[in-house]
Amino acid sequence: MKEFKKYFIVPASPEEVYEALTNPTVLETWTGDAVEMSTTPGSEFSLWEGSIVGKNLEFEENRKIVQQWYFGEQEEPSIVTIKTHAHKQGTSLEVKQTNIPDEDYDDLVEGWEESYVGNLISFFEG
């Protein structure tokens, strides 16, 4: 099992980034696909028409999102923690994911950098 951690600069305020990651309408705008999302801990979510699914564990408004991402029948859950920090260029987005199956690691890193955060940055760059 592997772990991924990276910081990204997003050209928007932490409040705008948090909204883009938790509001289903805004999520659909920048992902281009149907989503299921709620800020209720314990609720399940689905992004990119089910390409990413899991459970919402914790929310700290405008600051932190903690989710469990599902990878089949693995023993240890894969936990994603996204934190927003104010930055002179907008927001420093801290992404950490634990317990990533070895065979999924490269695709997952590419997904974070290109699809997930890459699309989010493009959305705010307009």
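Residues numbered from 1 in each chain as written. Predicted model: local features only at pLDDT ≥ 70, side-chain atom pairs only at ≥ 80, totals over all residues. Heavy atoms only, no water.

You'll find the protein chain entered in an unreviewed UniProt entry as ATPase, with Nibribacter ruber given as the organism.

> Tell me about a negative patch on the surface, and please be specific about residues and values.
On the surface, Glu-15, Glu-16, Glu-19 and Glu-61 cluster together into a patch of negative charge. By relative accessible area, which is 44% here, Glu-15 ends up partly exposed. (Patch = residues over 30% accessible without salt bridge, like charges linked within 9 Å, V, L, I, M, F, W, Y side chains within 5 Å. Areas by Shrake-Rupley, 256 points an atom, 1.4 Å probe, with all protein chains shown as cover. Salt bridge = Lys/Arg side-chain N within 4 Å of Asp/Glu carboxyl O. Lys, Arg positive; Asp, Glu negative; His and termini not counted. Charge placed at Lys NZ, Arg CZ, Asp CG, Glu CD. Buried < 20%, exposed > 50% of the residue type's maximum accessible area, 1.4 Å probe, protein only.)

> For the sheet that holds strand 4 (residues 64-69), give the residues involved together with the corresponding values.
The strand order 1-6-5-4-3-2 describes an open sheet built from six strands, whose pairing is antiparallel. Single-partner strands in this sheet number two, and they are strand 1 (2-10) and strand 2 (44-47). Across the sheet, the mean angle from the axis of one strand to that of its neighbour is 25 degrees, orientation sign disregarded. Here strand 2 runs beside strand 3 (residues 52-60); their pairing, made up of four bridges, is antiparallel. Counted as the bridge partner of Leu-47 is Ile-52 from strand 3. (Pairing = 2+ DSSP bridges. Helix = DSSP H or I, 4+ residues; strand = E, 2+ residues; numbered from the N terminus. Axes fitted to C-alpha atoms, helices over the stretch in contact; angles between N-to-C directions.)

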